[in-house]
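# Structure at a glance
Take a look at the letters that make up each chain.
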Amino acid sequence: MKDPDFDLLYALVRTIADFPAPGIQFRDITPLLADARGLTLALDGLAHDIAPGSVDAVVAIEARGFLLAGALAQRLGCGLVPVRKPGKLPGATLGIDYALEYGRDRLEMHVGAITPGARVLVLDDLIATGGTALACGELVERAGGRVTGFRFLIDLPALGGSRLIAERGWPARALLNYP
Ligand code: AMP
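What comes next is a walk through the structure. The model shown is predicted, which means the values in this text are computed figures rather than measured ones. (Residues numbered from 1 in each chain as written. Predicted model: local features only at pLDDT ≥ 70, side-chain atom pairs only at ≥ 80, totals over all residues. Heavy atoms only, no water.)

### Focus on the site of the ligand
Of all residues adjacent to the ligand, which total 14 residues, the nearest are Asp-124, Asp-125, Thr-129, Gly-130 and Thr-132. In the model, an oxygen atom of the ligand is placed 2.8 Å from a nitrogen or oxygen of the Arg-64 side chain. Between the ligand and Thr-129 there is a distance of 2.5 Å, counted from an oxygen atom to a side-chain nitrogen or oxygen. For the ligand, whose free accessible area comes to 490 Å², the fraction covered by protein is 82%. Residue assignment for the shell around the ligand shows that the elements contributing at least two residues are β2 (25-28), β7 (119-127) and α5 (131-142). (Near = heavy atom within 4 Å. Polar contact = N/O pair within 3.5 Å; in protein donor to acceptor, adjacent residues only side chain to side chain. Areas by Shrake-Rupley, 256 points an atom, 1.4 Å probe, with all protein chains shown as cover. Helix = DSSP H or I, 4+ residues; strand = E, 2+ residues; numbered from the N terminus.)

Shown next, in the form of structure tokens:
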């Protein structure tokens, strides 16, 4: 992707101060999703450097990960597995609890959604502290999958999540960085 393409993607991410809580700079990707060229560029960038046939499933994290995951999986020629907040999936689930800045949360996946040994790409819109993405990666491995990489539209590197993913030995890449 060329510099003007990155410029367009940055221009299409809207920053909303103090949402959902005071002090948070919320990176809103809805203008990017609404822009045909921005959406295509984002998917091109996410799929870039992923060899055809190298991924068996895209695992998408609720909720904004879902917005890109179907299109990315279709480009990669694989299926899509949703990882959801508790109580949303109708079938038997496998879950993982993880720590948030304040409190705890939980992610769930359908039992059998991942074929043992499947090569999995984990996708979310943004990585901050990395708690969500790390928990999702662990859940994939508990389900018998093999995490081959993570893709994010946005990294907030100052919050350390992408470093934790790298320390865990998983390759991660984000298209846009907000220092
Ligand atoms: P974390 O577990 O801290 O890496 O947080 C990542 C999750 O929270 C992702 O699913 C994001 O959608 C959401 N998130 C965290 N911080 C922000 C932010 N500043 N702007 C938009 N979404 C965020």
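Text resumes after the structure shown.
### Description of the pattern of salt bridges
Following the criterion strictly, the structure yields 13 salt bridges and no others. Taking the shortest distance from any N to any O, the salt bridge between Arg-14 and Asp-28 comes out at 2.7 Å. Taken together, the residues Arg-14 in strand β1 (residues 14-17) and Asp-28 in strand β2 connect sequence positions 14 residues apart. In this structure Asp-28 comes out as buried when scored by relative accessible area, which is 8%. (Salt bridge = Lys/Arg side-chain N within 4 Å of Asp/Glu carboxyl O. Buried < 20%, exposed > 50% of the residue type's maximum accessible area, 1.4 Å probe, protein only.)

### Let's talk about α5
For α5, with 12 residues, the first-to-last C-alpha span of 16 Å sits near the 16 Å given by 1.5 Å per residue. Where α5 is concerned, the buried positions are Gly-131, Ala-133, Leu-134, Ala-135, Cys-136, Gly-137, Leu-139 and Val-140. Following α5 by one or two positions, Gly-144 has its phi on the positive side, about 100 degrees. (Expected span 1.5 Å × (residues − 1).)

### Considering the packing of helix α3 (residues 36-47) against helix α4 (residues 66-76)
For the pair α3 and α4, interaxial distance at closest approach is 10 Å and the crossing angle is 55 degrees. Considering the angle they form, α3 stands oblique to α4. As α3 runs across α4, the sense of the crossing is right-handed. Counting all contacts with α3, which are made through Leu-39, Thr-40, Leu-43, Asp-44, Leu-46 and Ala-47, the residues of α4 involved are Leu-68, Ala-71, Leu-72, Arg-75 and Leu-76. When the residues that make up the contact of α3 with α4 are grouped by side-chain class, the tally is 8 nonpolar, 1 polar and 2 charged. (Axes fitted to C-alpha atoms, helices over the stretch in contact; angles between N-to-C directions. Parallel < 35°, antiparallel > 145°, perpendicular 65-115°, else oblique. Left-handed = near helix turned anticlockwise from the far one by under 90°. Contact = heavy atoms within 4.5 Å. Nonpolar A, V, L, I, M, F, W, Y, C, P; charged D, E, K, R; others polar.)

### Structural notes on the sheet that holds β7
A sheet is described by the order of its strands in space; here 5 strands give the open sequence β4-β3-β7-β8-β9, paired in parallel fashion. Where the open sheet ends on each side, the last strands, each with one partner, are β4 (79-83) and β9 (172-177). Within this sheet the neighbouring strands show an average axis-to-axis angle of 20 degrees, counted without direction. As judged from the 4 bridges shared by strand β3 (residues 57-61) and β7, these two strands associate in the parallel manner. Within the sheet, the bridge partner assigned to Ala-60 lies in β7 and is Leu-123. (Pairing = 2+ DSSP bridges.)

### What about the environment of Leu-32?
Mapped onto the secondary structure, Leu-32 falls in helix α2 (residues 30-34). Sequence separation between Leu-32 and Gly-131 is 99 residues; the distance between their C-alpha atoms is 25 Å. Ignoring any residue separated from it by four or fewer positions in sequence, one finds Leu-32 in contact with Leu-9, Leu-12, Val-13, Gly-38, Leu-39, Ala-42 and Leu-153.

That is the geometry; function is a separate question.
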